[in-house]
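These are the residues of each chain, in order.
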Amino acid sequence: MIVKDQLHRTLTFSETPRRIVSLVPSQTELLVDLGLRDYIVGITKFCVHPKELRQQSTIVGGTKTIHIDKIAALKPDIIICNKEENTQEIVAQCEAIAPVWVSDIKDVAGNNEMILLLGDLLGVKIKAHNLVAAINQAQQEFEVYVKNRAHKNITYLIWKSPYMAAGKDTFINYLLELNGFSNSVKNKEGRYPEINISDLKTADVVFLSSEPYPFKEKDVLEIKNALDKPVHLVDGEYFSWYGSRLLGAFDYFKTLL
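Computed from a prediction, not measured in an experiment: that's the story for all the values here.

1. Examining the layout of surface pockets
Taken as a whole, the largest pocket encloses approximately 870 Å³ of empty space. Along its surface, the largest pocket is lined by 33 residues, and E84, E85, E211, P212 and S240 are the ones closest to its centre. Secondary-structure elements contributing two or more residues to the lining of the largest pocket are α1 (25–33), β8 (153–159), α6 (171–178) and α8 (236–240). Residue classes in the lining of the largest pocket are distributed as 14 nonpolar, 8 polar and 11 charged. Contributing to the lining of the second largest pocket are 13 residues, with K152, F181, F207, L256 and L257 lying nearest its centre. Along the lines of polarity and charge, the residues of the lining of the second largest pocket split into 8 nonpolar, 3 polar and 2 charged.

2. Notes on the packing of aromatic side chains
On inspection of all chains with the given rule, the structure shows 13 aromatic pairs. Relative to Y145, the ring of F142 has its centre 6.4 Å away and its plane inclined at 25°; by these criteria the two rings are stacked. With F142 and Y145 both in helix α5 (residues 125–146) and 3 residues apart, this pair spans about one turn of that helix. In this structure Y145 comes out as partly exposed when scored by relative accessible area, which is 33%. Considering the side-chain rings of F181 and F207, the 5.6 Å spacing of their centres and the 85° angle between planes classify their relative orientation as edge-to-face. Remark: F207 occurs in strand β12 (residues 205–209) and F181 occurs in the loop between α6 and β10 (182–183); sequence separation between them is 26 residues. Residue class for F181 comes out buried when judged on its relative accessible area of 9%. Aromatic rings pair up to connect F142, Y145, Y156, F181, F207, Y238, F239, F250, Y252 and F253 into one cluster. Over the aromatic face of Y238 sits the side chain of R245, whose NZ or CZ is 5.4 Å from the ring centroid. Here K254 stacks its cationic end above the ring of Y145, 5.1 Å away from the centre of that ring.

3. Brief notes about the packing of α5 against helix α9 (residues 245–256)
The relative placement of two packed helices comes down to the angle between their axes together with the axis-to-axis distance. Remark: α5 packs on α9, axes separated minimally by 8 Å, with the N-to-C direction vectors making an angle of 15°. One finds that α5 runs roughly parallel with respect to α9. Between α5 and α9 the crossing geometry is left-handed. Counting all contacts with α5, which are made through L131, A134, I135, A138, Q139, F142 and Y145, the residues of α9 involved are L246, L247, F250, F253 and K254.

4. Digging into the environment of Q137
Examined against the element boundaries, Q137 turns out to sit in helix α5. Here the alpha-carbon distance between Q137 and I154, two residues 17 residues apart in the chain, equals 26 Å.

5. As for helix α7 (residues 217–227)
When α7 is considered as a whole, its buried residues turn out to be D219, V220, I223 and L227. Looking straight down α7, one finds that the buried residues subtend no more than 105° of arc, so they occupy a single side. α7 presents E217, K218, L221 and N225 as exposed residues on the side facing more than 90 degrees away from its buried surface. Taken together, the buried residues of α7 touch β8, β9 (163–165), β12 and β13 (231–234). Positioned one or two residues after α7, D228 has a phi angle of 55°, which is positive.

6. Digging into the nonpolar core
Y156, F207 and F239 are the most contacted members of the largest nonpolar core, which totals 52 residues. Here F239 is in contact with Y156, F171, I172, L175, L176, N179, F207, V234, Y252, F253 and L256, once residues within four sequence places are set aside. In this structure, L23, I66, I71 and A98 belong to the second largest nonpolar core, which totals 15 residues.

7. Section: the pattern of salt bridges
Within this structure, the stated rule accounts for 12 salt bridges. Among the salt bridges present, the one from R245 reaches E237, with a minimum N-O distance of 3.2 Å. For the pair shown, R245 and E237 are each scored as buried. Notably, a salt bridge pairs K254 with D251, separated by 3.9 Å at the nearest N-O pair. With K254 and D251 both in helix α9, this residue pair falls 3 residues apart, about one helical turn. By relative accessible area, K254 is classed as partly exposed at 28%. Assessed through its relative accessible area of 54%, D251 is described here as exposed. What emerges from the salt-bridge pattern is a single network uniting D5, R9 and E95.

The rules we used
- Residues numbered from 1 in each chain as written.
- Predicted model: local features only at pLDDT ≥ 70, side-chain atom pairs only at ≥ 80, totals over all residues.
- Heavy atoms only, no water.
- 1 Å grid on protein atoms, 1.4 Å probe; cavity = no way out; pocket = protein on both sides within 12 Å on 5 of 7 lines; lining within 4 Å.
- Points joined across faces, edges and corners; volume = space filled by probe spheres on them.
- Helix = DSSP H or I, 4+ residues; strand = E, 2+ residues; numbered from the N terminus.
- Nonpolar A, V, L, I, M, F, W, Y, C, P; charged D, E, K, R; others polar.
- Phe/Tyr/Trp six-rings, centres within 6.5 Å; stacked < 30°, edge-to-face > 60°.
- Buried < 20%, exposed > 50% of the residue type's maximum accessible area, 1.4 Å probe, protein only.
- Lys NZ or Arg CZ within 6 Å of the ring centre and 35° of its normal.
- Axes fitted to C-alpha atoms, helices over the stretch in contact; angles between N-to-C directions.
- Parallel < 35°, antiparallel > 145°, perpendicular 65-115°, else oblique.
- Left-handed = near helix turned anticlockwise from the far one by under 90°.
- Contact = heavy atoms within 4.5 Å.
- Arc of directions from axis to C-beta.
- Core = buried A, V, L, I, M, F, W, Y, C linked by side-chain atoms within 4.5 Å.
- Salt bridge = Lys/Arg side-chain N within 4 Å of Asp/Glu carboxyl O.

So, in structure tokens, the structure goes:
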């Protein structure tokens with residue numbers, strides 16, 4: 001079986017992969033929702049959904065730092081990575097062990113392509129198609145819901161000390177725009193530009209993400225006192241986790257609006 005990943009790299013398998021190492025939390029959740037829980041032999045320490053999976057799969061490190069010996073000992077048939085989450089060095093190290101399938105997702109179309117490609121490769125094609133159909137339906141209903149709503153400038157912070165925001169060419173930016181928001185930093189250089197408090201003045205509302213930096217209520221108060229404008233904690237998983245998590249994201253977005 002010859003397939004391509006989302007970087008258009010060619011991978012060859014003699015049979016359907018059954019021993020899976022996933023180095024991306026959102027894709028781990030997707031694999032479980034596609035019915036592949038029993039085939040996931042290795043995950044990262046950030047793979048927290050479903051939490052019970054950590055009791056049956058080996059933790060092989062994080063998304064940026066891995067224990068390559070632990071991965072090798074699992075004898076995986078496939079290792080699943082992501083262009084943004086994992087480094088080129090990690091991909092190269094893992095390729096010495098097993099074929100590495102890499103996703104590259106910046107919008108819903110890329111997300112759905114990833115689900116369909118993995119579903120076909122891993123023998124769960126029907127479940128993958130059903131999930132994509134459900135996501136498409138939820139998106140269509142949400143687009144009707146947000147139609148004709150007033151646009152607001154949003155700054156979406158992902159890090160503190162220094163402050164960093166989600167900028168252009170990111171999955172987060174795509175979802176902000178899908179909500180009808182305008183990203184106040186999308187014209188800055190870089191996908192995750194560093195900004196300061198004064199840069200936040202251009203925003204109507206500031207979103208503080210729950211990940212990768214775990215912003216808290218004290219951070220909300222700190223920025224509110226500096227700017228005197230609305231500041232909200234938001235669930236970063238719904239804005240940055242692709243895969244099956246997207247299915248529930250649209251209902252969450254309605255609560256923000």
